[in-house]
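Residues per chain are reported as follows:
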Amino acid sequence: MDSMIRDIQLAPSGQLKIDWVEQHMPILSQLKREFSERKPLAGKKAVICLHLEAKTAYLALTVQAAGAEVAVCASNPLSTQDDVVAALVQNGVTAFARYGASDEEYKLHLNKALDFDPDILIDDGGDLVSLLHSERKEQAQKIIGGAEETTTGILRLRALAREGLLQFPMMAVNDAQMKYLFDNRYGTGQSVWDAIMRTTNLVVCGKVVVVGGYGWCGKGVAARASGLNARVVVTEIDPIKANEALMDGYEVMPMIEAAKIGDIFITVTGNRDIVRKEHFEVIKDKAILSNAGHFDVEVNKEDLKELSTSVKVVRNNIEEYTFADGRKVYLLGEGRLVNLAAGDGHPAEVMDLTFALQALSLEYLINERDNLRAEVYSVPEEIDRKVATLRLGALGIEVDELTEKQKQYLSSWQE
Ligand SMILES: NC(=O)c1ccc[n+]([C@@H]2O[C@H](COP(=O)([O-])OP(=O)(O)OC[C@H]3O[C@@H](n4cnc5c(N)ncnc54)[C@H](O)[C@@H]3O)[C@@H](O)[C@H]2O)c1
C-alpha cells in the first residue's frame, strides 16, 4: 500500500532523531537484536497507532525486526512529527499520518491503516479498536489481538468487555507496573513541564500550579511543579487520592476555588470538563491552561469560545482567549496532551520501558493466541519483571537475592 505522509524529503532529519533515541533505549535495542534472530512475528502484519515521534518509530522498527510487516498511524494529529514519519517510510514501514491532520484526514488515516489488514495492533486511547467495533466490525473477527498504551484506552476496552462486545484479546500495557510507575508518573511529570516551559518561556517558581487529578500522571506533574518551586494545588473527586495529595504536601480544594488563584492549570484526569464555564467565569487574568490527559476534552474549548470576544494565536502553540470583561487566558497546544502537542513527549529512557512491554506483549499474543479469549488481559508478571531486570542490567545495577532462610521466613506463619 502507498503511504500518505507530508514529504519523504524530510527523512534525513527524522532519521537523526531516531538514531538519537536508539542510543538511549537499551532495552528495546536488546529486544530488537533478539527479535532479529528469532523473528517471533514472522509473516504477521502489525498496525501501530501511537504518537508518531522518534521513540515510537524505534518501536515500529523493532516490531519490523521481529519479522512483521508494519504500518503506522497517529493517535493524535498534533503529535505527529513529519520528518520521523518520512524516515519510517524510508525504512520500509507504511505510514498514514501528517502533522495537523483535520478530523476527516485523521479518520481516513485510521481507516487506511486498517486497510493494511493487520493481524496484531497497538492502540493508544482506543480509536483503532473503537473503529473495529463500529464501522469495521467484520474485520475484528480476524484480529489475533492487540495492546493498549494508555489509561483512557483501557477504560474504553473494559467498557466494551463489560458489555460483552470485545472481539479479540487486548493486553492492558498501561496497567503493567513498569509502565504506570515510570511512564505515567516520571515521564508525564518531566515532559509536561518541558513542554510548558519551552512553549511559554515563563517562570514557574513562585506561581500557583493547579493539577486536576492526582492519579499516576498527576502525582508526577505535581512533584515536578513542586521541584520547580511552584505552590501546588490539587483538585480531585476521590477522597483517598485527595488525602494522598494532602500528605504529599499539596493544597487540595475544588476547581471553583483553585480557578481564582491558579496561574498555570494542568488537567490530567482522563475525564471531561475539568475546567469549564463556571471556572472561566472566575478564573484569574492571564491564567495558562493546559491538558495532559489523553483527549482534548478536559479543558472545555466550546465554553472558552462561547465566553470569548476574540481568539488569536499569540505564540507557537499558544492561543489567547479574551473574555468580555477584558480578562485573558492562554490555552496551550489546543488543549491536547501538552507534552506531545507542544513537546517531544516522554524521555527516551522512559519510553524504553513502555515500548519493551509493548514489543513483548505482541510476542505474547502470538505465542498464546490459542489460549487467549476476547478479554482485557494484564501483562504477565514475567514480562513486567523481565523489563525491570533488563533495565537494571542496562544500567549495570545489581540487586540482592533472597536467601533460603529468608524465603522460608516469608512463607511461614510460625515466626
Ligand atoms: N500526557 C501523557 O503523556 C500521558 C501519559 C499517560 C497517561 N495519560 C493520560 O492521562 C490521563 C490520566 O492518566 P492516569 O494514569 O494518571 O490515570 P489515573 O486513573 O491514575 O488518575 C486519574 C485521576 O483523576 C481523578 N479524576 C477523575 N475525574 C476528576 C475530576 N472531575 N476532577 C478531579 N479529578 C478527577 C481520578 O480520581 C484519578 O485520581 C488519562 O487520560 C491517560 O490516558 C497521558
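Residues numbered from 1 in each chain as written. Predicted model: local features only at pLDDT ≥ 70, side-chain atom pairs only at ≥ 80, totals over all residues. Heavy atoms only, no water.

1. Notes on the packing of helix α3 (residues 54-65) against helix α16 (residues 348-367)
Part 1 of the argument: Between α3 and α16, the least distance of the axes is 10 Å, while the angle of their chain directions is 30°. With respect to α16, the axis of α3 lies roughly parallel. As for how α3 packs across α16, the hand of that crossing is right-handed. Taken together, the residues of α16 that come into contact with α3 (itself represented by Lys55, Thr56, Leu59 and Val63) are Ala348, Met351, Phe355, Gln358, Ala359 and Leu362.
Part 2 of the argument: Residue classes in the contact of α3 with α16 are distributed as seven nonpolar, two polar and one charged. (Axes fitted to C-alpha atoms, helices over the stretch in contact; angles between N-to-C directions. Helix = DSSP H or I, 4+ residues; strand = E, 2+ residues; numbered from the N terminus. Parallel < 35°, antiparallel > 145°, perpendicular 65-115°, else oblique. Left-handed = near helix turned anticlockwise from the far one by under 90°. Contact = heavy atoms within 4.5 Å. Nonpolar A, V, L, I, M, F, W, Y, C, P; charged D, E, K, R; others polar.)

2. Considering the domain arrangement of the chain
Part 1 of the argument: Each domain of the chain was delimited in the assignment, giving domain 1 (8-180 + 346-395) and domain 2 (187-342).
Part 2 of the argument: Residue-level contacts link 16 residues of domain 1 with 15 residues of domain 2.
Part 3 of the argument: Carbon and sulfur atoms supply 63% of the area that domain 1 and domain 2 bury against each other, a total of about 1400 Å² over both sides.
Part 4 of the argument: On the domain 1 side of the contact with domain 2, Leu78, Tyr180 and His346 bury the most area, a combined 38% of that side's loss. (Domains from an automatic or database assignment. Buried area = accessible area lost by both parts, 1.4 Å probe.)

3. A few points about helix α4 (residues 82-90)
Part 1 of the argument: Among the nine residues that make up α4, seven are buried, leaving the element largely enclosed by the rest of the structure.
Part 2 of the argument: Within α4, burial applies to Asp82, Asp83, Val84, Val85, Ala86, Ala87 and Leu88.
Part 3 of the argument: Directly after α4, the chain includes Gly92, whose backbone phi takes a positive value near 90°. (Buried < 20%, exposed > 50% of the residue type's maximum accessible area, 1.4 Å probe, protein only.)

4. Quick word on the UniProt feature "domain: S-adenosyl-L-homocysteine hydrolase NAD binding" (unreviewed entry) in the chain
Part 1 of the argument: The sites that UniProt annotates as "domain: S-adenosyl-L-homocysteine hydrolase NAD binding" (unreviewed entry) are residues 184-345.
Part 2 of the argument: Its end C-alpha atoms 11 Å apart, residues 184-345 is made of 37% helix and 25% strand. (UniProt positions renumbered as here; feature names shortened; annotations may be inferred.)

5. Focus: the UniProt feature "binding site: substrate" (unreviewed entry) in the chain
Part 1 of the argument: In this structure's numbering, the residues bearing the UniProt feature "binding site: substrate" (unreviewed entry) are Asp124, Glu149, Lys179 and Asp183. Taking the farthest pair of C-alpha atoms as the criterion, the annotated set spanning 60 residues converges on one region, since that pair is 13.7 Å apart.
Part 2 of the argument: Tracing the backbone through its elements, the reader meets Lys179 in helix α9 (residues 177-200).
Part 3 of the argument: Excluding residues within four positions of it along the chain, Lys179 makes contact with Glu149, Val173, Asn174, Asn184, Thr354 and Leu357.

6. Quick look at the pairing of strand β11 (residues 287-291)
Part 1 of the argument: When you tally the buried positions in β11, you get five out of five residues, the bulk of the element.
Part 2 of the argument: With burial as the criterion, each face of β11 is covered, one bearing Ala287, Leu289 and Asn291 and the other bearing Ile288 and Ser290.
Part 3 of the argument: By the bridge criterion, four bridges tie strand β10 (residues 264-267) to β11 in an arrangement that is parallel. Following the sheet pairing, Ile264 is matched in β11 by Ile288.
Part 4 of the argument: By the bridge criterion, three bridges tie β11 to strand β14 (residues 328-332) in an arrangement that is parallel. Across the sheet, Leu289 pairs through a bridge with Leu331, a residue of β14. (Pairing = 2+ DSSP bridges.)

7. Some points on the pairing of strand β4 (residues 120-123)
Part 1 of the argument: Side chains Ile120 and Ile122 project from β4 onto one buried face, and the interleaved Leu121 and Asp123 project onto a second face that is buried too.
Part 2 of the argument: The pairing of strand β1 (residues 45-50) with β4 spans three bridges and is classified as parallel. Considered in β4, the bridge of Ile48 is made with Ile122.
Part 3 of the argument: Across four bridges, β4 lies against strand β5 (residues 145-148) in parallel orientation. Within β5, the residue paired with Ile122 across the bridge is Ala147.

8. Digging into the layout of surface pockets
Part 1 of the argument: Of the pockets and cavities examined, the second largest pocket occupies roughly 320 Å³.
Part 2 of the argument: Secondary-structure elements contributing two or more residues to the lining of the second largest pocket are α1 (11-22), α3, α9 and α16.
Part 3 of the argument: Among the elements that line the lining of the second largest pocket, the one with the most residues is α9, at four residues.
Part 4 of the argument: Partitioning the lining of the second largest pocket into residue classes produces five nonpolar, six polar and seven charged.
Part 5 of the argument: Residue assignment places the lining of the second largest pocket across two domains, with domain 1 (8-180 + 346-395) and domain 2 (187-342) each supplying three or more. (1 Å grid on protein atoms, 1.4 Å probe; cavity = no way out; pocket = protein on both sides within 12 Å on 5 of 7 lines; lining within 4 Å. Points joined across faces, edges and corners; volume = space filled by probe spheres on them.)

9. Focus: the site of the ligand
Part 1 of the argument: The ligand sits among 27 residues. The nearest are Thr150, Thr151, Thr152, Glu236 and Asn339.
Part 2 of the argument: Note that an oxygen atom of the ligand is positioned 3.1 Å from one of the backbone N or O atoms of Trp216.
Part 3 of the argument: At 2.5 Å, a side-chain N or O of Glu236 approaches an oxygen atom of the ligand.
Part 4 of the argument: For the shell around the ligand, the elements supplying multiple residues, two or more each, are α8 (151-162), α9 and α10 (216-227).
Part 5 of the argument: Among the elements that make up the shell around the ligand, the one with the highest residue count is α9 (three residues).
Part 6 of the argument: A class-by-class count of the residues in the shell around the ligand yields eight nonpolar, 15 polar and four charged.
Part 7 of the argument: The residues that make up the shell around the ligand include at least three from each of domain 1 (8-180 + 346-395) and domain 2 (187-342). (Near = heavy atom within 4 Å. Polar contact = N/O pair within 3.5 Å; in protein donor to acceptor, adjacent residues only side chain to side chain.)

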